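Residues per chain, in single letters:
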Amino acid sequence: MSTQSDLTTRDWLAIERTKLANERTFLAYFRTFLVILGTGITILKLELLEDLETFGIILIAIAPLILTIGIIRLYAVKRVIKKHYKIKS
């Protein structure tokens, strides 16, 4: 593989784009976590949606799992990028 000194500007830009894409993917997981958690809480709080109480509980239970998957994926891809390109940051 390439070392830091062998990377061209194009290579560094590609690495940066990959890092930013990884962060955007994590933010998508985070937004999904917030929406599902908020929906679950809303379902539990609104008397109008009392029939969906079980669904609200399920949503609240699933939300942390989605966030956990996003965090794990963020760090796994960061490790792959560092290992593949042999970079320090």
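Quick caveat, the model's predicted, so the values are computed rather than measured. (Residues numbered from 1 in each chain as written. Predicted model: local features only at pLDDT ≥ 70, side-chain atom pairs only at ≥ 80, totals over all residues. Heavy atoms only, no water.)

1. Details of the overall build of the protein
So, point 1. Counting its regular elements, the protein contains 2 helices and 0 strands.
So, point 2. The globule rule puts the C-alpha radius of gyration for 89 residues at 12 Å, and the 19 Å found for the protein is more than 25% above it.
So, point 3. Counting all 89 residues of the protein, 20% fall into the buried class.
So, point 4. Of the contacts formed within the protein by residues at least 6 apart in sequence, a portion of 64% connects residues at least 24 apart.
So, point 5. In the form shown here, the protein has an accessible surface area of approximately 6700 Å², with 64% of it arising from carbon and sulfur atoms.
So, point 6. In the protein, 13 positive and 8 negative side-chain charges are present, and the distance between their average locations comes to 17 Å. (Helix = DSSP H or I, 4+ residues; strand = E, 2+ residues; numbered from the N terminus. Rg over C-alpha atoms; globule rule 2.2 N^0.38 Å. Buried < 20%, exposed > 50% of the residue type's maximum accessible area, 1.4 Å probe, protein only. Contact = heavy atoms within 4.5 Å. Areas by Shrake-Rupley, 256 points an atom, 1.4 Å probe, with all protein chains shown as cover. Lys, Arg positive; Asp, Glu negative; His and termini not counted. Charge placed at Lys NZ, Arg CZ, Asp CG, Glu CD.)

2. Examining a nonpolar patch on the surface
So, point 1. A cluster of nonpolar residues, Ile 58, Ile 62 and Leu 65, forms a patch on the protein surface that exposes about 260 Å² of accessible area.
So, point 2. Topologically, Leu 65 is positioned in helix H2 (residues 53-85). (Patch = residues over 30% accessible without salt bridge, like charges linked within 9 Å, V, L, I, M, F, W, Y side chains within 5 Å. Salt bridge = Lys/Arg side-chain N within 4 Å of Asp/Glu carboxyl O.)

3. Digging into the pattern of salt bridges
So, point 1. A complete count under the given rule lists 1 salt bridge for this structure.
So, point 2. For Lys 19, the salt bridge is made with Glu 16, and the minimal N-O distance between the two is 3.4 Å. A residue pair is termed a helical-turn pair when its members lie 3 or 4 positions apart in one helix, as Lys 19 and Glu 16 do in helix H1 (residues 9-45) at 3 residues.
So, point 3. For Lys 19, a relative accessible area of 18% corresponds to the buried category.

4. Some thoughts on the packing of aromatic side chains
So, point 1. In total, this model carries 2 aromatic pairs according to the counting rule given.
So, point 2. Arranged with centres 5.9 Å apart and planes meeting at 40°, the rings of Phe 30 and Phe 33 form a pair that is tilted. Residue Phe 30 and its partner Phe 33 are located together in helix H1, separated by 3 residues, close to a single helical turn.
So, point 3. A relative accessible area of 13% places Phe 33 in the buried class.
So, point 4. Through a chain of ring-to-ring contacts, the aromatic side chains of Phe 26, Phe 30 and Phe 33 assemble into a single cluster. (Phe/Tyr/Trp six-rings, centres within 6.5 Å; stacked < 30°, edge-to-face > 60°.)

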